[in-house]
Each structure stands twice: as C-alpha cells, then as structure tokens.
Amino acid sequence: MKLRPAPKTSAIAMSSKALTAAALLLLPALALSGQTKVAEKVGRPPALKAEAAQDHQQIKLEKRTAAYWRVTFDNPPFNIFGPETIPQMEKVVAEIESDPNLRVVVFDSDVPGFFLTHYNFTPPLAESTSLPSGPTGLHPLPDMLVRISKSPVVSIALIRGRATGVGSELALASDMRFASRQKAILSQWEVGAALVPGGGPMARLPRLMGRGRALEVLLGSDDINGDLAEEYGYVNRSFDDDKLDPFVDGLATRISGFDRQAIADTKRLVDFASLPSDPEIAAGWDAFITSVQRPAAQKSIGRLMDMGLQTNPDIEARLGHYTQTLADK
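Undergrad: What exactly am I supposed to notice about the overall build of the protein chain here?
TA: Looking only at helices and strands, the protein chain has 17 helices and eight strands in total. Here the protein chain holds 329 residues, and 51% of them are scored as buried. Considering only intrachain contacts with a sequence separation of at least 6, the fraction spanning at least 24 residues in the protein chain is 76%. Carbon and sulfur atoms make up 57% of the accessible area of the protein chain, which totals about 14500 Å².

Spelled out as structure tokens, the structure:
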C-alpha cells in the first residue's frame, strides 16, 4: 500500500487528533451528569454496542438511476448522529466519490420530524476514539463534510423536519439546500449549551448569509423555520411541503442527465470562490473539542440530559426553547 504524501494541513490535523482524544474522554461524563438511564446505556459492554450498531443500518442508499442517488437517514426516533453512524456514512461518501457514473446525490430522511440532529452524547469513549482520521487528516465527521463539498458529484439536502447541529452542518456542506416551509427547522444550538459548533458552520454560514446573520444564527442558538431560512440564505428555497419532493426530484433528475465532466468542472470553479479552506474547518473542530472540556459545557449538557435530551420527543423537537432555559438569569 502506497503512503499518501503528508497534507499541508498536517500540523492542524495532528492538533485536532490530540484534542479529540483528550476531550472525548469527557463525553461519557457529559451524558452521565445526573442521568441514571443514560448511565445504564453507557455501561453496556462495547461488544454488545457494536453488535447493536451492526444490526441497525442508519443510512439507506437508493440508486434511482446510475446518475442519481438518494441517501436517506433512518435512525428513529430522532435521527441522532453518533460514532456508530460514522462508518456507515464513510462507506456512502467513499462510494459517492468513486462511482464514475454518479452526477447527483440527494440527502433526505425517513424519520418524521427529523432530518438529522446532533451528535450522540452517550456512547462509550472507545466508540469515538477508535475511529481513524479521514483522507483529509481531519476527524471523520468534518472530513466527510469537506469531501462532500469538494466531490465532483452535486449534493442536495432535502430538509423536512429538524436539521440541528450535525444535520445543519451536513446541509451547509451540501451544494444546495431545499426546505419544507411548514416542517423544516434548522439550528446551530451549541452556543446555547456552552459549546462551539464543530462541523464548520462558522466557516460556511458567513459566506452564505453575511457576517451579521451568521452570528445571529450561531450566537442566538435558536430554531430557524423554512421561510426565515430562505430569507437569510440558509437554504436555497423553501416550498410548501407537498411541493418540496417534486421540485427536488425534478431538479436532481434534470442535472443527472447533463455531462458529468461539465458538472464537475463548473462545480470545481465555484468551489474556488466559495468554499472554506480545510484549516478553517479544522479550527472549528478544535474549538468544539476545547469547548467540550469546559465545566460550563459539562453542566449545560448534563442539565439537558436531565430534562430528557435524546429520550424526550419534546426536548428534541423544541431544542431551541430548552437551550434558552439554560441561560443565566
């Protein structure tokens, strides 16, 4: 096996790896803070957790045509993204990158009310730290987001339900985003829980909506509905819910019939003018890892877990409301 030459961002990647290994030691502590039910989950033997993860396929890949695929998240009840999701997502991203006939991929969800939500705070340490860095040298999560953005394949996020944290970051990494006017909710909730977002929204949002609106979304940590998301540039367009699927399917089908090299070259040139650099994404991930270690974040996540984060449908559906209750009075 030939060794890859060291990427230019290797120093940043090494820093990210070290911080990840150190800070992820604290993730079980965040989940365990005052939460006996979560403690029982964390205490399960790793072998059983691995077996359960293998039994549950969280991502479905439908090849509608050779040129047009659907990637559907199906991890009920809330489409939470965890370390067990990363290997499944990595396989999908690698297949997207390597298929010579593919032109368009659409990301959507089969879980009512949820497109894709935040990272899972409850698994044991080994389930996260045992994952190797991706080809970019970044942690697997930001690595996959960067690769989706830079792939010659057109990526479209069809957002129906809540896109929170990782879900928002996947949507931002996609080339286009279309949302249900009635059912889409986007948010970067992390600052409300004393965290820094880790999947690149600080690098991507200002390019889409300007500095002031990006700071409003990030620092306000509130829920953004489909209409406001369209007005701010968070998504390309929002549609009445019954018109969302026909539009996205029609656009994806249309693009999938065009010349693949023309699509790839045009996207590559747009990328030069619009995509953040890998070091910008790495800096965001490092800031997230640093924030996880702070007592304020541990306290806030512990309080949310006590309220029912990851178990209570009302908490997950109205996360913007519940993070507001954490604010100092």
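Undergrad: Looking at this structure, how should I read the packing of helix 5 (residues 85-98) against helix 7 (residues 140-150)?
TA: Axis separation between helix 5 and helix 7 bottoms out at 10 Å; the angle between their running directions is 25°. Relative to helix 7, helix 5 is oriented roughly parallel. Handedness of the crossing formed by helix 5 with helix 7: left-handed. Mapping the contact onto sequence places Ile 86, Met 89, Glu 90, Val 93, Ala 94 and Glu 97 in helix 5 and Pro 140, Asp 143, Met 144, Arg 147 and Ile 148 in helix 7.

Undergrad: I'm lost on the pattern of salt bridges in this one. Help?
TA: Side-chain pairs of opposite charge can arise whenever the charged atoms involved come near each other. Under the criterion given, the structure shown has 22 salt bridges. Between Lys 63 and Glu 95 there is a salt bridge whose closest N-O contact spans 2.6 Å. Residue Lys 63 is found in strand 1 (residues 59-63), and its partner Glu 95 is found in helix 5; the two are separated by 32 residues along the sequence. Residue Glu 95 is classed as partly exposed on the basis of its relative accessible area of 28%. One salt bridge in this structure joins Asp 241 and Lys 183, with 3.5 Å as the shortest N-O distance. With Asp 241 in helix 12 (residues 241-256) and Lys 183 in strand 6 (residues 176-187), this residue pair connects regions lying 58 residues apart in the sequence. Note on Asp 241: relative accessible area 17%, which makes it buried. Under the relative-accessibility criterion, Lys 183 is labelled partly exposed at 47%.

Undergrad: I keep staring at the pairing of strand 1 and nothing clicks. Help me out?
TA: Looking along a regular strand, one sees side chains alternate from face to face of the sheet. Relative to strand 2 (residues 68-73), strand 1 is paired through five bridges, and the arrangement is antiparallel. Directly across from Glu 62, in strand 2, lies its bridge partner Arg 70. Taking the residues between adjacent antiparallel strands as the criterion, strand 1 and strand 2 are bridged by four residues.

Undergrad: Help me out: how do you make sense of the environment of Met 176 in this one?
TA: With respect to the helices and strands, the residue Met 176 is situated in strand 6. Sequence-distant contacts of Met 176, defined by excluding residues within four places in its chain, comprise Val 154, Ser 155, Ile 156, Ala 157, Asn 236, Leu 251 and Ile 255.

Undergrad: Sorry, what's going on with the confidence of the model for the protein chain here?
TA: As a note on interpretation, predicted positions should not be read in detail where pLDDT is low. Model confidence for the protein chain is summarised by a mean pLDDT of 86, while 81% of its residues fall at 70 or above. Counting interchain partners and residues more than four positions distant, the pLDDT-below-50 stretch residues 1-14 has nine contacts. Taken together, the stretch residues 28-53 has pLDDT below 50 and engages in 35 contacts with residues farther than four places along the chain or on a different chain.

Undergrad: Just to check I follow, could you spell out the environment of Tyr 234 for this structure?
TA: Its location among the elements puts Tyr 234 in the loop between helix 11 (226-232) and strand 8 (237-239). Judged by its relative accessible area of 0%, Tyr 234 falls in the buried class. Apart from residues no more than four positions distant in its own chain, Tyr 234 is found in contact with Ser 168, Leu 172, Arg 177, Leu 186, Ser 187, Gln 188, Leu 205, Met 209, Val 217, Ile 224 and Ala 229.

Undergrad: Hey, could you run me through unusual backbone geometry in this one?
TA: If a residue is not glycine, its phi is most likely negative; likewise, a peptide bond is most likely trans. The peptide bond linking Pro 76 to Pro 77 adopts the cis configuration, its omega dihedral lying at 10°. Inspection of the secondary structure puts Pro 77 in the loop between strand 2 and helix 5. For Gln 310, which is not glycine, the phi torsion reads 80° and is therefore positive. The topology assignment puts Gln 310 in the loop between helix 15 (295-307) and helix 16 (313-317).

Undergrad: Sorry if this is basic, but what is going on with helix 8 (residues 166-173) here?
TA: The α-helix advances 3.6 residues per turn, and as a result positions three or four apart in sequence lie on the same side. For helix 8, the buried fraction is high: eight of the eight residues fall into the buried class. Buried within helix 8 we find Val 166, Gly 167, Ser 168, Glu 169, Leu 170, Ala 171, Leu 172 and Ala 173.

Undergrad: What's the story with the packing of helix 9 (residues 201-209) against helix 10 (residues 211-220) in this structure? I'm lost.
TA: Helix-helix packing: each pair is described by the crossing angle between the helix axes and the interaxial distance. For the pair helix 9 and helix 10, interaxial distance at closest approach is 7 Å and the crossing angle is 135°. As the angle between them shows, helix 9 and helix 10 are arranged oblique. The element helix 9 and its partner helix 10 pack so that their crossing is right-handed. Within the contact between the two elements, helix 9 uses Pro 201, Met 202, Leu 205, Pro 206 and Met 209 and helix 10 uses Arg 211, Arg 213, Ala 214, Val 217 and Leu 218. For the contact of helix 9 with helix 10, a count of residues per class yields eight nonpolar, no polar and two charged.

Undergrad: For this particular structure, what's the right way to read a nonpolar patch on the surface?
TA: A cluster of nonpolar side chains, contributed by Val 191, Leu 215 and Leu 219, occupies part of the molecular surface with about 230 Å² of accessible area. For Leu 219, the position within the fold is in helix 10. On the accessibility criterion, Leu 219 (55% relative accessible area) is exposed.

Undergrad: Would you mind going over the pairing of strand 5 (residues 154-164) with me for this structure?
TA: Within strand 5, 10 of the 11 residues are buried, which leaves the element mostly enclosed by the surrounding structure. Bridge count for strand 3 (residues 104-109) against strand 5 is four bridges, and the pairing is parallel. Looking across to strand 5, one finds that Phe 107 is bridged to Ala 157. Bridge analysis of strand 4 (residues 114-116) against strand 5 gives two bridges, and the strand direction is parallel. In the strand pairing of strand 5, Leu 116 is matched with Ala 163. Note that strand 5 and strand 6 share eight bridges and pair parallel. Residue Ala 163 lies in a different strand from strand 6, and its bridge partner there is Leu 186. The parallel pair strand 5 and strand 6, bridged by helix 8, forms a crossover whose chirality is right-handed.

Rules and cut-offs
Residues numbered from 1 in each chain as written. Predicted model: local features only at pLDDT ≥ 70, side-chain atom pairs only at ≥ 80, totals over all residues. Heavy atoms only, no water. Helix = DSSP H or I, 4+ residues; strand = E, 2+ residues; numbered from the N terminus. Buried < 20%, exposed > 50% of the residue type's maximum accessible area, 1.4 Å probe, protein only. Contact = heavy atoms within 4.5 Å. Areas by Shrake-Rupley, 256 points an atom, 1.4 Å probe, with all protein chains shown as cover. Axes fitted to C-alpha atoms, helices over the stretch in contact; angles between N-to-C directions. Parallel < 35°, antiparallel > 145°, perpendicular 65-115°, else oblique. Left-handed = near helix turned anticlockwise from the far one by under 90°. Salt bridge = Lys/Arg side-chain N within 4 Å of Asp/Glu carboxyl O. Pairing = 2+ DSSP bridges. pLDDT = per-residue confidence, 0-100. Nonpolar A, V, L, I, M, F, W, Y, C, P; charged D, E, K, R; others polar. Patch = residues over 30% accessible without salt bridge, like charges linked within 9 Å, V, L, I, M, F, W, Y side chains within 5 Å. Right-handed = clockwise from strand over helix to strand, strands pointing away.

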